[in-house]
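Commentary on secondary and tertiary structure
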Amino acid sequence: MPTILVTGGAGYIGSHTYIQMIEAGFTPIIFDNFCNSKLSVIERISAITSHPPLLYQGDIRNRAQLDEVFSQHHIDGVIHFAGLKAVGESVAKPIDYYQNNVAGTLTLIQAMQAAHVKKLIFSSSATVYGDPISVPIREDFPTLSATNPYGQSKLMIERMLQDLAHSDPEWSITLLRYFNPIGAHPSGTMGEDPQGIPNNLTPYITQVAVGRRDQVSIFGDDYPTPDGTGVRDYIHVMDLADGHVAALTHKLNEAGVHIYNLGTGQGYSVMQVIRAFEQACGHTIDYQMCARREGDIAQCWSDPKKAARELHWQASRDIKQMAIDGWRWQSNNPEGYPN
């Protein structure tokens, strides 16, 4: 089976995808700088897969480190997860996002070209759609109005990769536009463990539920949605991981640019997500209403039919399972992964 370099492979989505890749028979190699993950995740991966990961600690902006990996292994393709990913932080620190995400991807592509590796699956985001013209969102919707620097960085990378494929028809590039990954591995030993104050909703919810934080901040209760809070398409991280395996299986060897939404096709409000986690943990979760957050939109959910048709993939886990698995991880690991 193909050997796949997984940048950001120790992160939340990367680590869960690694497990599903092993299950499917692929040979993944992790490349990560651990800026938003911990080395102890490698031990958890080893315990689940009985397959200690081959790990390189490095930064995608460091060409020499990338060249070393490509020179040491016959790599068939790359899944590119590595990148900064918090909407709010990107508004406060836009240059960090362009430097890490855009410049880092450019360096990775140059290293791939030098190694004659021209197969890439890119971890993109539904934020490239900006404030969508309607929902559900299809892959052919405009991507001209990302509302924050994080989304803009993903959009710049997508355009760069599309230009690359246009210039060289040997490239196979798959752009996977995620919606909102939540949940955890069913073992309860792996999950989302952001460093510092969480920027995403669900780790904040679980940290409040486990007693690490006082209350969840809900940014806006006056959106044009059923309960006034923002509506998103939440997808179980294991479904998302399976989506990457499906892309590897069906598109890795097909030249051109392939674009897919990875979502459930259903939207849940912030309040609905909190209620689901209250059911999972068995007690109420304190929250406070705050002003809207710059860069956020009212509602966003996917039309995932193209992925079902061409990748033979669809999400199978509902919001109840996402909350149960997410709570199992946090309650078993109140402080996240060990340092």
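Residues numbered from 1 in each chain as written. Predicted model: local features only at pLDDT ≥ 70, side-chain atom pairs only at ≥ 80, totals over all residues. Heavy atoms only, no water.

1. Topic: the side chain of Glu-192
Note that Glu-192 resides in the loop between β7 (180–182) and α7 (201–209). Buried and unpaired, Glu-192 has Lys-85 as its nearest opposite-charge partner, separated by 4.1 Å. Beyond its immediate stretch of four places on either side in the chain, Glu-192 contacts Tyr-12, Lys-85, Pro-181, Asn-200, Thr-202, Pro-203 and Trp-329. (Helix = DSSP H or I, 4+ residues; strand = E, 2+ residues; numbered from the N terminus. Buried < 20%, exposed > 50% of the residue type's maximum accessible area, 1.4 Å probe, protein only. Lys, Arg positive; Asp, Glu negative; His and termini not counted. Salt bridge = Lys/Arg side-chain N within 4 Å of Asp/Glu carboxyl O. Contact = heavy atoms within 4.5 Å.)

2. Considerations on the packing of aromatic side chains
Tallied over the entire structure, the rule returns one aromatic pair. On the basis of an interplanar angle of 50 degrees and a centroid distance of 4.7 Å, the ring pair of Trp-329 and Tyr-337 is categorised as tilted. For Tyr-337, a relative accessible area of 6% puts it in the buried group. Over the face of the ring belonging to Tyr-223 we find Arg-292, whose NZ or CZ atom lies 4.1 Å from the ring centre. Here the guanidinium or amino end of Lys-306 rests over the ring plane of Tyr-260, the centre of that ring lying 5.0 Å away. (Phe/Tyr/Trp six-rings, centres within 6.5 Å; stacked < 30°, edge-to-face > 60°. Lys NZ or Arg CZ within 6 Å of the ring centre and 35° of its normal.)

3. Structural notes on the sheet that holds strand β4 (residues 77–80)
In sheet architecture, strand pairing relies on hydrogen bonds along the backbone and comes in two forms, parallel and antiparallel. The parallel open sheet is built from seven strands, whose spatial order is β3-β2-β1-β4-β5-β6-β11. Each of the sheet's edge strands pairs with one partner strand only, and the pair in question is β3 (54–57) and β11 (256–262). Strand-to-strand twist of the sheet, defined as the mean angle between neighbouring strand axes without regard to direction, takes the value 20 degrees. In the sheet, β4 pairs with strand β5 (residues 119–125) via three bridges, with the strands oriented parallel. Bridge pairing in β5 places Ile-79 opposite Ile-121. Along the sheet, helix α5 (residues 94–114) makes contact with β1 (3–7), β4 and β5, crossing β4 at roughly 175 degrees. (Pairing = 2+ DSSP bridges. Axes fitted to C-alpha atoms, helices over the stretch in contact; angles between N-to-C directions.)

4. Brief notes about the pattern of salt bridges
Evaluated as defined, the whole model comprises 17 salt bridges. A salt bridge links Arg-61 to Asp-59; the nearest nitrogen and oxygen atoms lie 2.8 Å apart. On the accessibility criterion, Arg-61 (37% relative accessible area) is partly exposed. In this structure, Glu-170 and Lys-118 form a salt bridge, with 3.0 Å as the shortest nitrogen-oxygen distance. In this pair, Glu-170 is assigned in the loop between α6 (149–167) and β6 (172–178) and Lys-118 in the loop between α5 and β5, connecting sequence segments 52 residues apart. When its relative accessible area of 56% is taken as the criterion, Glu-170 is described as exposed.

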